[in-house]
Amino acid sequence: GVGIGAPNGNYNKGTIELAPNLAWKGIVPFADMMKKEMQKPVALSNDATAAAVGEMIFGGAKEIKDFIILTLGTGLGSGFVVNGQVVYGHTGFAGEYGHVIMIPGGRECGCGRKGCLETYASATGIVRSVKIFMEERKDNSMLRTVNPAVIGSRLVAEAAAKGDKLALDAFDYTARILALAIVNAVVVTSPEAIFLFGGLAKAGDLLFKPLEKYIDEFVQPVFRNTFKVLPSALPETNVAVLGAAALAWKEL
């Protein structure tokens, strides 16, 4: 069998639909296209949902039945697992948490709306924060010495690790918004763990420390200390393969 994890992948229909971070337009019947080429059964899902299945079979959620995975890359992908079952919803698109609106009228998102979570809490989101800070503030930063076009989340993390205040403030701002999103999700599904994956999560304590602080500040008392925020246990280089393979393994 074949497992596919793709942005805006519809598990119910086997289609990739209106993906804001892909050049493909409209609705692409990708599972049917693959079935025709491969002559094998195909399971297709959102890439972050596939990563959630991968976390369940190969990663840190082997003994956990209720968890959320957030992938912090170009956008913010997510997968919700409740009682050991991936949540797809009747449309097949449940769990598109990167597109909850955190700041009405905020940053423009590839989905066509403004203020979505992924425009703030993602690898590209933190870069946007840095560039806004650089325009609005006058303080010195090593990031001002490089071409803005080459600033990426890794460079921001390197600057923050060296004590660069502007970069540290960008991490703090990102963590604050992500913490709000996490405590809101916790109210809905009451997970045992939230796993963070992707380029931004690789920053380690630069993200996790302020995130822990803000979660403690924002969380509803009844949910305090009921969940952990952890780095994904899936290896960075293999997550796409493991997630898609796990989807095929579980569904087919």
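Within any chain, residue numbers begin from 1 and follow the written order of that chain's sequence. Given that the model is predicted, a residue must reach a pLDDT of at least 70 before its local features are reported, and side-chain atom pairs must reach 80 or more before they are shown or counted; all residues, however, enter totals for whole chains, interfaces and linings. To obtain the side-chain values, all non-hydrogen atoms of the structure were included, while hydrogens and water were left out.

## Comments concerning the packing of helix H2 (residues 47-58) against helix H7 (residues 239-251)
At step 1: For every element, the axis is a line fit to its C-alpha atoms; helices are fit only across the contacting stretch, and the angle between N-to-C directions ranges from 0 to 180 degrees. The helix count covers DSSP runs of H or I at least four residues long, the strand count covers runs of E at least two residues long, and both are numbered beginning at the N terminus. Running from amino to carboxyl end, H2 crosses H7 at an angle of 80 degrees, the nearest separation of the two axes being 7 Å. Considering the angle they form, H2 stands roughly perpendicular to H7. Residues Ala 50, Ala 51, Val 53, Gly 54, Met 56, Ile 57 and Phe 58 of H2 touch H7, and the partners they reach there are Val 239, Leu 242, Gly 243, Ala 244, Ala 246, Leu 247, Trp 249 and Lys 250.
At step 2: Only Asp, Glu, Lys and Arg are considered charged, only Ala, Val, Leu, Ile, Met, Phe, Trp, Tyr, Cys and Pro nonpolar, and every remaining residue, Gly among them, polar. Among the residues making up the contact of H2 with H7, the classes are represented as 12 nonpolar, two polar and one charged. To sort the angles, those under 35 degrees are grouped as roughly parallel, those over 145 as roughly antiparallel, those from 65 to 115 as roughly perpendicular, and the leftovers as oblique. A contact between two residues is defined here by any heavy atoms of the two lying within 4.5 Å.

## Digging into the pairing of strand S7 (residues 76-82)
The side chains of a regular strand alternate between both faces of the sheet.
At step 1: Exposure categories follow from relative accessible area, calculated using a 1.4 Å probe and restricted to protein chains: below 20% of the type maximum is buried, above 50% is exposed, and the middle band is partly exposed. Extensive coverage of S7 is indicated by the burial of six of its seven residues.
At step 2: At least two DSSP bridges between two strands are needed for those strands to be called paired. Pairing of strand S6 (residues 67-72) with S7, which is carried by six bridges, proceeds in the antiparallel orientation. Note that in S7 the partner of Thr 71 across the bridge is Gly 77.
At step 3: Connecting S6 to the next strand, S7, in antiparallel fashion are three residues.
At step 4: Linking two consecutive strands that pair antiparallel, namely S7 and strand S8 (residues 85-86), is a turn of two residues; a positive phi of about 55 degrees is found at Asn 83 within it.

## Side note on the nonpolar core
At step 1: For the purposes of this section, nonpolar cores are sets of buried Ala, Val, Leu, Ile, Met, Phe, Trp, Tyr and Cys residues that join through side-chain atoms within 4.5 Å. Counting 46 residues, the largest nonpolar core has Leu 70, Phe 171, Leu 178, Ile 182 and Leu 196 as the members making the most contacts within it.
At step 2: In this structure Leu 196 touches Leu 70, Leu 72, Leu 178, Ala 201, Leu 207, Phe 208, Leu 211, Val 229, Leu 230, Pro 231 and Ser 232, once residues within four positions along its chain are discounted.
At step 3: If you look at the next biggest cluster of nonpolar residues, it comprises 19 residues, including Ala 193, Leu 234, Ala 246 and Leu 247.

## Observations concerning the packing of aromatic side chains
Two numbers describe a pair of aromatic rings. These are the distance of the centres and the angle of the planes.
At step 1: Under the pairing criterion, centres of Phe, Tyr and Trp rings, with the six-membered ring standing for Trp, must be within 6.5 Å; the plane angle then separates stacked pairs below 30 degrees from edge-to-face pairs above 60, leaving the rest tilted. Going through the model one piece at a time under the given rule, you end up with seven aromatic pairs.
At step 2: A ring pair is formed by Tyr 11 and Tyr 88, whose centres lie 3.7 Å apart and whose planes are at 10 degrees; its orientation type is stacked. With Tyr 11 in the loop between strand S2 (9-10) and strand S3 (15-17) and Tyr 88 in the loop between S8 and helix H3 (123-136), this residue pair connects regions lying 77 residues apart in the sequence.
At step 3: Overall, Tyr 11 belongs to the partly exposed group, its relative accessible area being 27%.
At step 4: Of the aromatic side chains, those joined through ring pairs into one cluster are Tyr 120, Phe 133 and Tyr 173.
At step 5: Of note, Arg 137 hangs over the ring of Phe 133, and the distance from its end group to the ring centre comes to 5.3 Å. We count a charge as sitting over a ring when the NZ of a lysine or the CZ of an arginine lies within 6 Å of the ring centre and within 35 degrees of the ring normal.

## Things to note about helix H6 (residues 205-218)
At step 1: To estimate how far a helix should reach, multiply one less than its number of residues by 1.5 Å. In a regular helix each residue adds 1.5 Å, so 14 residues correspond to 20 Å; H6 covers 19 Å between its end C-alpha atoms and thus fits that length.
At step 2: Every buried residue belonging to H6 is among Leu 207, Phe 208, Pro 210, Leu 211, Tyr 214 and Ile 215, and all of these are buried.
At step 3: At its buried positions, H6 is contacted by S6, helix H5 (165-189), strand S9 (193-197) and strand S10 (228-231).

## Re the sheet that holds S7
At step 1: Reading across from one edge, S8-S7-S6-S9-S10 is the order of the five strands in this open sheet, with mixed pairing throughout. Single-partner strands in this sheet number two, and they are S8 and S10.
At step 2: In this structure, S7 lies alongside S8, joined through two bridges in antiparallel fashion. Looking across to S8, one finds that Val 81 is bridged to Val 86.

## Comments concerning the confidence of the model for the protein
At step 1: Put simply, the protein has an average pLDDT of 93, and 100% of its residues get 70 or more.
At step 2: Confidence of the predictor in every single residue is expressed as pLDDT, which spans 0 to 100. The least confident element of the protein is H7, whose mean pLDDT is 84; the most confident is H5, at 98.

## Observations regarding the pattern of salt bridges
At step 1: Put simply, a salt bridge is a Lys or Arg side-chain nitrogen that is within 4 Å of an Asp or Glu carboxyl oxygen. For the structure on display, the rule yields six salt bridges.
At step 2: Residue Asp 169 is joined to Lys 165 by a salt bridge in which the shortest nitrogen-to-oxygen separation is 2.8 Å. Pair noted here: Asp 169 and Lys 165 are both in helix H5, with a separation of four residues, about one helical turn.
At step 3: A relative accessible area of 21% places Asp 169 in the partly exposed class.
At step 4: For Asp 216, the salt bridge goes to Arg 224, with nearest N and O atoms at 3.2 Å.
At step 5: Judged by relative accessible area, which is 32%, Arg 224 ranks as partly exposed.
At step 6: Sharing partners across several salt bridges, the network here consists of Arg 137, Asp 139, Arg 144, Lys 165 and Asp 169.

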